[in-house]
Amino acid sequence: MLSEEFVSAICGAPLSSNTAIAKDVGIYTHTLSPTYSVKSTFKKSSVPVNCLAVSETHVFAGQHEKAYVHVYSRLRGNQEAFVAFPERIRCLTLVGDVLIMGTTEGRLMLWETCSGRLVSTAARHVQAVSCVAATPYHVLTGSDDSDIHVWSLPQLLELDSAAEHEPLRSLSNHRAAITGLSLSPSVSRDTNFCVSASKDKSCIIWNYQTGDALRTLIFPSFPLCLSLDPSSRAVCVSCEDGSLYLSELFADKPLLGPGSEDASTVVQVSSPFGATQPDVGPASCLTLSYDGTMLLTGHPKGQIMRWDIAENKSPVELANLNAAVTNVAFVSPFRADKPTTTVTVTKPSQAERAYTFTTQFDSYTASENRFDSLLNATGFPQETMESAVAAFCQPAAESSGDQDLQKKNEELWEIINEQRALQKQTLQRYVEAKSSR
């Protein structure tokens, strides 16, 4: 049975002197199914909102009000590295082997974890970068200055680029600080979109490659966090008043696509699908399972709640971590489709200009073909020998090309025989003429 795992992180001091909870633990790895349990923990970490990223081999955790990122090895179960940066980290995300970070100074930094290369942009935001989201081709940064910048990831990672990095475009419809960003996995220019949340009580759906605002959603209170479902057909939003909203994008009255209203029409969202109790507090972070049927939320009183979206049941408390839960993230059940694995990270260095790529090649996982079976066999396999003997025993099928070649050969033999007969006659006449003298 396929197991589901997720990672959570806390920030701040313990809420009570609960001796049942281990001290100094800041990051938890949970198994959700088939049965819930805490799989492993990592200590000495205080992770603010939007500062947790998880790969197959590592956990990256930005530290609260500090210029540090703690790197934990999921394979070895310990802290692997303590990485210092020039500025305080406000948010981060991971794309492949590149850790993308937003700073309190409005700057964007990219760290290639397998080579140690560090790329830094100028401060294109006038305030702190509050959230960052990325695809293999684009990076989106939201800021407390209410702007969203769209960057080209390949351009940011260009080698020996002397020009200063500039965003491709800016999305500036919000009027207050950006609190969340979520991207559609599509890479098509016409169908990819993102959703942004802001303290102006709105969420805006954008086509970030064109810069067009596709739809604006207004909520009773400002959104704290949001997430698109895996198929990008709905967006889940948590608001400051403790309400949770699920807005379907392609329902009977769609927000996007054919049949939707004009993009300038503002949609009032007022019917939540759930609400948290006052003693729990509003969800400061949330994540959706990979089948889109389950929602996990983290709360400032330490609870992690599970919501069944498919059947709309009452929420279930999975755990109480005795500190503010600031990050929850599902671990992908799908193995990354790449030939290498970064087993050990390389710390960044701005002084060096020569980088060493350090990684581990994965074993050959493609299905075995006939050449592989012959290469790995001892001698010639019996099956191969039998098929070769059978091929020699079968009469060769004559094709049209073989027939043409045979006809030409017959014509040439006719010419050769004629020449031989002529030579024989000439030789006989010569002998007769010589004997008559």
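Residues numbered from 1 in each chain as written. Predicted model: local features only at pLDDT ≥ 70, side-chain atom pairs only at ≥ 80, totals over all residues. Heavy atoms only, no water.

Draft legend 1. View of the overall build of the protein chain. Secondary structure assignment for the protein chain yields 4 helices and 31 strands. Relative to the globule expectation of 22 Å for 437 residues, the C-alpha radius of gyration of the protein chain, 34 Å, shows a markedly less compact shape. Dimensions of the protein chain, computed from the C-alpha atoms along their principal axes, are close to 135 × 55 × 55 Å. Across the 437 residues that make up the protein chain, the buried fraction comes to 43%. In the protein chain, 47% of the contacts between residues at least 6 apart in sequence involve partners at least 24 apart. Taking the 35 positively charged and 47 negatively charged side chains of the protein chain as two groups, their mean positions are separated by 5 Å. (Helix = DSSP H or I, 4+ residues; strand = E, 2+ residues; numbered from the N terminus. Rg over C-alpha atoms; globule rule 2.2 N^0.38 Å. Buried < 20%, exposed > 50% of the residue type's maximum accessible area, 1.4 Å probe, protein only. Contact = heavy atoms within 4.5 Å. Lys, Arg positive; Asp, Glu negative; His and termini not counted. Charge placed at Lys NZ, Arg CZ, Asp CG, Glu CD.)

Draft legend 2. Geometry of the pattern of salt bridges. Overall, the coordinates contain 11 salt bridges when judged by the stated rule. Note that Lys39 and Glu5 form a salt bridge whose closest N and O atoms lie 2.7 Å from each other. You can see Lys39 sitting in strand β3 (residues 37–43) and its partner Glu5 sitting in strand β1 (residues 4–11), a full 34 residues away along the chain. In this structure, the salt-bridge partner of Arg76 is Glu80, at a minimum N-O distance of 2.6 Å. The exposure class of Arg76 is partly exposed, given its relative accessible area of 44%. Through salt bridges with shared partners, a single ionic network connects Glu5, Lys39 and Arg74. (Salt bridge = Lys/Arg side-chain N within 4 Å of Asp/Glu carboxyl O.)

Draft legend 3. A look at the sheet that holds strand β4 (residues 52–54). Strand order in the open sheet made by the 4 strands is β4-β5-β6-β7, with antiparallel pairing throughout. Bordering the open sheet on either side are β4 and β7 (78–84), each of which pairs with just one other strand. In this sheet, adjacent strand axes meet at a mean angle of 15° when their direction is disregarded. In this sheet, strand β5 (residues 58–62) lies alongside β4 in antiparallel orientation, the contact comprising 3 bridges. Residue pairing across strands places Val54 opposite Val59, the latter belonging to β5. (Pairing = 2+ DSSP bridges. Axes fitted to C-alpha atoms, helices over the stretch in contact; angles between N-to-C directions.)

Draft legend 4. Highlighting the side chain of Ser198. The topology assignment puts Ser198 in strand β17 (residues 194–198). Note on Ser198: relative accessible area 0%, which makes it buried. Among the polar contacts made by the side chain of Ser198, one reaches the main-chain carbonyl oxygen of Ala177 at a distance of 3.1 Å. Apart from the residues lying within four places of it in its own chain, the contact partners of Ser198 are His174, Ala176, Ala177, Ile178, Thr179, Phe222 and Pro223. (Polar contact = N/O pair within 3.5 Å; in protein donor to acceptor, adjacent residues only side chain to side chain.)

Draft legend 5. Seen up close, the pairing of strand β18 (residues 202–207). Among the 6 residues of β18, 6 are classified as buried, and the element is accordingly described as predominantly covered. Burial of the side chains of β18 extends over both faces: Ser202, Ile204 and Trp206 are buried on one face and Cys203, Ile205 and Asn207 on the other. Of the strand pairs in this sheet, β17 and β18 are connected by 4 bridges, and their pairing is antiparallel. Pairing of Ser196 across the sheet is with Ile204, part of β18. Two successive antiparallel strands, β17 and β18, enclose a turn made up of 3 residues, where Lys201 displays a positive phi of approximately 70°. For β18 and strand β19 (residues 212–218), the ladder comprises 6 bridges, and the chain directions are antiparallel. What sits directly across from Asn207, in β19, is Asp212. Adjacent in sequence and paired antiparallel, β18 and β19 are bridged by 4 residues, among which Gly211 carries a positive phi angle near 85°.

Draft legend 6. Up close: empty space enclosed by the protein. Taken as a whole, this structure holds 1 cavity of 30 Å³ or more when the rule is applied. Taken as a whole, the largest cavity spans an internal volume of roughly 30 Å³. Lining the largest cavity are Glu56, Arg335, Ala336, Lys338, Thr340, Thr341 and Asp362. Its residues assigned to classes, the lining of the largest cavity comprises 1 nonpolar, 2 polar and 4 charged. (1 Å grid on protein atoms, 1.4 Å probe; cavity = no way out; pocket = protein on both sides within 12 Å on 5 of 7 lines; lining within 4 Å. Points joined across faces, edges and corners; volume = space filled by probe spheres on them. Nonpolar A, V, L, I, M, F, W, Y, C, P; charged D, E, K, R; others polar.)

Draft legend 7. Focus on the sheet that holds β17. With mixed pairing, the 5 strands of this open sheet are ordered in space as β16-β17-β18-β19-β23. Bordering the open sheet on either side are β16 (178–183) and β23 (266–268), each of which pairs with just one other strand. Direction aside, neighbouring strands of the sheet carry axes that sit 20° apart on average.

Draft legend 8. Expanded view of a nonpolar patch on the surface. Together, Leu427, Tyr430 and Val431 line one region of the surface with nonpolar side chains, adding up to about 330 Å² of accessible area. Examined against the element boundaries, Tyr430 turns out to sit in helix α4 (residues 400–435). (Patch = residues over 30% accessible without salt bridge, like charges linked within 9 Å, V, L, I, M, F, W, Y side chains within 5 Å. Areas by Shrake-Rupley, 256 points an atom, 1.4 Å probe, with all protein chains shown as cover.)

Any link to function would need more than the numbers given here.
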